[in-house]
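A structural walkthrough
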Amino acid sequence: MNNTNQSSSSSPSSSQSTPPSISKSQHNQFYYHPSPSRTIYSDRFIPCRSSSNFALFDISPPPPPPPSSESPRGDDSSSSSAAYTALLRTALFGSDLGFGAQPCTPDKKSFLVNNSPVNRNIFRFKSETRQSLHSLAPLGFDDHHSPGVSHSPVKAPRKVSRSPYKVLDAPALQDDFYLNLVDWSSHNVLAVGLGNCVYLWNACSSKVTKLCDLGIDDSVCSVGWAQRGTSLAVGTSNGKVQIWDASRCKRVRTMEGHRLRVGALAWNSSMLSSGSRDKSILQRDPRAQEDFVSKLSGHKSEVCGLKWSYDNRELASGGNDNRLFVWNQHSTQPILKYCEHTAAVKAIAWSPHIYGLLASGGGTADRCIRFWNTTTNSHLSCMDTGSQVCNLVWSKNVNELVSTHGYSQNQIIVWRYPSMSKLATLTGHTYRVLYLAISPDGQTIVTGAGDETLRFWNVFPSPKSQNTESEIGASSFGRTHIR
């Protein structure tokens, strides 16, 4: 300090004109104070090698920095850092390594024998080590190693009963692929066409009622409930369509127009569509005086499948000509034509979840379920089921659908969409599963076959709970006659 004062006093002019020079060591003393309690990182790309495994590469590690006694918190900081490192190592590589062991993956074990490297080919191809995501969590998923941490359980896949909860004998249920003889109403009443008669089965009371008898010169080819109310349409082998009031068991009217049998029926909010073996589709308004208001022409063989979309704007039709057509409310010619199927198209279903999504299934020579986007007029996907596709129906509660099959396995399959993975395969029918309907609550399906049985299955969850059983006779297992 004295030398500095004397120099400044002897040359006052020089001190004013030229600033005092500061050496590099003095500059570091003024502005750089390293802390022994933490590692200093600069803006230069200098890797930190404190945690490198130099023994693996046969390289001597750099000497550790000398301990400092200037900071009273140095011991606490280093011990806490070591504890955290040990905890992290235990969580990542397992607790059997101990606090002082080096982590060693299955591939690295081949490098070290008696702590000496035997293979210097470090950058080599290695086999994939399959680890669950839980094993990569810093705290692990073991309750013993991470007390106080709650983990949500993995949701188990939904189970579908492989057995029907109820079986009804249905004598004279026809084994005809082109007919549609079973339908379930919004009032929980099942209509079944047996020979020349139509029977009603109340799912709440199990009461069976004979609705009508067409006589020996006619037979039932199709049945279809109106979306609301108690009106039931019955298509006959003579080409007529009868409208019945099921609550009073009274025929309201008979409508003509077809020359051959009527095997397909479909209601929208106010209109009734009927498809026939005469290749035509008739649009009917039961409120109008005329038997039909328009005629749709396009199919070149029997019309065996009809379904209105959920918004009542589009009608899908399938025929024995292997064609799938889509019509709007006012068209007399199809607005969309799909010709990819190689067999009759009876199975048709509109998705209640995705607007414009249509599913269709082909017969024995086709065996495929195809999905279409009618808004973009595009073919989405195709699934080969291995057997004749007889019916399709979507669940309104979950994004799943059911298909029933004929030759050669006679099975019922529950599918997840869009992955088309099989949730369940149900068997029991000994003939083709030609008929399918779904309950109004969307949980139960009924299937019918040429083995003259109707089988009831709980396949879909309720909208609120996936574990709640259907209220439609789930506990009343048994076998009874429908007439």
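Computed from a predicted model, the values in this text were never measured in an experiment.

If you look at the biggest cluster of nonpolar residues, it comprises 39 residues, and the most contacted ones within it are Leu190, Leu232, Leu454 and Phe456. When contributions to this core are tallied by element, the ones reaching two or more residues are strand 4 (182-184), strand 5 (189-194), strand 6 (197-202), strand 7 (208-213), strand 8 (220-225), strand 9 (231-236), strand 28 (433-438) and strand 30 (453-458). Residues contacting Leu190, with those up to four places away along its chain left out, are Val182, Asp183, Trp184, Tyr199, Leu200, Trp201, Trp225, Val446, Leu454 and Phe456. Residues Val393, Val433, Leu436 and Val459 belong to the second largest nonpolar core, which totals 15 residues.

Moving on: the side chain of Asp176. Assignment of secondary structure puts Asp176 in the loop between strand 3 (166-169) and strand 4. Engagement of the side chain of Asp176 in a polar contact is seen with the backbone nitrogen of Tyr178, the distance being 3.1 Å.

Attention shifts here to the pairing of strand 9. With five of six residues buried, strand 9 is to be regarded as a mostly interior element. Hairpin connection of strand 8 to strand 9: five residues between the antiparallel strands, including Gly229 at a positive phi of 90°. When strand 9 meets strand 10 (residues 241-245), the two strands line up antiparallel, connected through five bridges. Residue pairing for strand 10: Leu232 is matched across the bridge by Trp244. Taken together, strand 9 and the strand that follows it, strand 10, pair antiparallel across an intervening segment of four residues, in which Gly239 is found at a positive phi of about 85°.

The next point concerns the sheet that holds strand 19 (residues 336-338). The strand order across the open sheet built from four strands is 16-17-18-19, with neighbouring strands paired in antiparallel fashion. Sheet topology places strand 16 (303-308) and strand 19 at the edges, where each strand pairs with a single neighbour. Between one strand axis and the next, the sheet turns by 20° as a mean value, whatever way the strands run. Sheet topology note: the strand 18 (residues 324-328)/strand 19 ladder contains three bridges and is antiparallel.

When pLDDT is averaged across the protein, the result is 80; 67% of the residues are at 70 or more. Within the model, pLDDT remains below 50 along residues 97-101, and this stretch shows five contacts once partners closer than five positions in the same chain are excluded. Throughout residues 466-477 the model reports pLDDT below 50, and contacts reaching past four residues in sequence, or to other chains, amount to 28 contacts.

Here, the residues flagged by UniProt with the feature "repeat: WD" (unreviewed entry) are residues 213-254, 296-337 and 426-459. For the annotated span residues 426-459, helix accounts for 0% and strand for 56% of the residues, and the straight-line distance between the end C-alpha atoms is 10 Å.

Let us look at the pattern of salt bridges. Tallied over the entire structure, the rule returns 11 salt bridges. The partner of Arg248 in a salt bridge is Asp245, with the nearest N and O atoms 2.8 Å apart. Assessed through its relative accessible area of 54%, Arg248 is described here as exposed. Via salt bridges that share partners, Asp176, Arg261, Arg277 and Glu302 belong to a single interconnected network.

Procedures and definitions
Residues numbered from 1 in each chain as written. Predicted model: local features only at pLDDT ≥ 70, side-chain atom pairs only at ≥ 80, totals over all residues. Heavy atoms only, no water. Core = buried A, V, L, I, M, F, W, Y, C linked by side-chain atoms within 4.5 Å. Buried < 20%, exposed > 50% of the residue type's maximum accessible area, 1.4 Å probe, protein only. Helix = DSSP H or I, 4+ residues; strand = E, 2+ residues; numbered from the N terminus. Contact = heavy atoms within 4.5 Å. Polar contact = N/O pair within 3.5 Å; in protein donor to acceptor, adjacent residues only side chain to side chain. Pairing = 2+ DSSP bridges. Axes fitted to C-alpha atoms, helices over the stretch in contact; angles between N-to-C directions. pLDDT = per-residue confidence, 0-100. UniProt positions renumbered as here; feature names shortened; annotations may be inferred. Salt bridge = Lys/Arg side-chain N within 4 Å of Asp/Glu carboxyl O.

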